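Structure assessment
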Amino acid sequence: MLANSRLYSVLFNKCPRCHQGDFFVKNSAFSRHFDRMHEHCPHCDENFMPEPGFYWASMFVSYAFYTIYTLITFGIVVVWLGVDLDYYLMGLIPTLVLLTPFFFRMARRTWLTIFIKPLPQQRI
Ligand SMILES: [Zn+2]
């Protein structure tokens, strides 16, 4: 169900058009060159750089991910578990720093996925 969907390509580092080729060169967000992207899809040759500065707006997508993460963890840790707000903030800030490469990559894949229409699914 998830395979060959836009969500699949965002979550699993795949091309938003064919869902086969890798979007970033490295599959791990926590590798040395986590930000290196293919300029074209290695499988279907879709252009991953539609125009200069295209990914500037993905910063806002990244901001949305940070906000959602903060709200969810706040709800769990402070409201549900009753942990003091100071301890929560002391844990939140390093967590956000550590998750920066993950959110960076998710935001870029999400931003490109919004503008690219996937290929129709092939039925066998
Ligand atoms: Zn592709």
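Every chain begins its residue count from 1, and numbering advances along the sequence as written. Confidence filtering applies because this is a predicted model: local features only for residues at pLDDT of at least 70, side-chain atom pairs given and counted only at 80 or more, and all residues used for totals across whole chains, interfaces and linings.

Topic: the overall build of the protein chain
Per the convention used, a helix needs a DSSP run of H or I reaching at least four residues, while a strand needs a run of E reaching at least two, with both numbered from the N terminus. For the protein chain, the count of helices and strands is four helices and zero strands. Along its sequence from the N terminus, the protein chain presents helices and strands in the succession α-α-α-α. For the protein chain, the C-alpha atoms occupy an extent of roughly 50 × 35 × 25 Å along the three principal directions. Exposure criterion: with C-beta atoms placed from backbone coordinates, a residue whose C-beta has 20 or more other C-beta atoms within 10 Å is buried, one with 12 or fewer is exposed, and one in between is partly exposed. Every one of the 124 residues in the protein chain was classed for burial, and the buried ones make up 19%. Two residues qualify as being in contact provided that their C-beta atoms, derived from the backbone, are within 7 Å of each other. Taking contacts inside the protein chain between residues at least 6 apart in sequence as the whole, the part at least 24 apart equals 53%.

Brief notes about the environment of R105
Summarising the element assignment, R105 is placed in helix α4 (residues 100-115). The spacing of R105 and L85 is 20 residues in sequence and 29 Å in space, taken between C-alpha atoms.

Quick look at helix α2 (residues 58-80)
Given 3.6 residues to a turn, an α-helix orients residues that are three or four positions apart in the same direction. Compared with an ideal rise of 1.5 Å per residue, which puts 23 residues at 33 Å, α2 spans 32 Å between its outermost C-alpha atoms and is within 8% of the ideal. Maximum bend of α2: about 30 degrees, positioned at F74. Just beyond α2, the residue with positive phi is G82, at close to 75 degrees. Helices are assigned an expected span. That span is 1.5 Å times one less than the residue count. Bend is the name given here to the angle between axes fitted to two runs of seven residues, the run ending at a residue and the run starting at it.

Comments concerning the UniProt feature "transmembrane region" (unreviewed entry) in the protein chain
UniProt positions are given in the numbering used here, feature names are shortened, and annotations may be inferred rather than shown by experiment. UniProt marks residues 54-81 and 87-107 with the feature "transmembrane region" (unreviewed entry), using the numbering shown here. Structurally, residues 87-107 comprises 95% helix and 0% strand, and the distance from its first C-alpha atom to its last is 28 Å.

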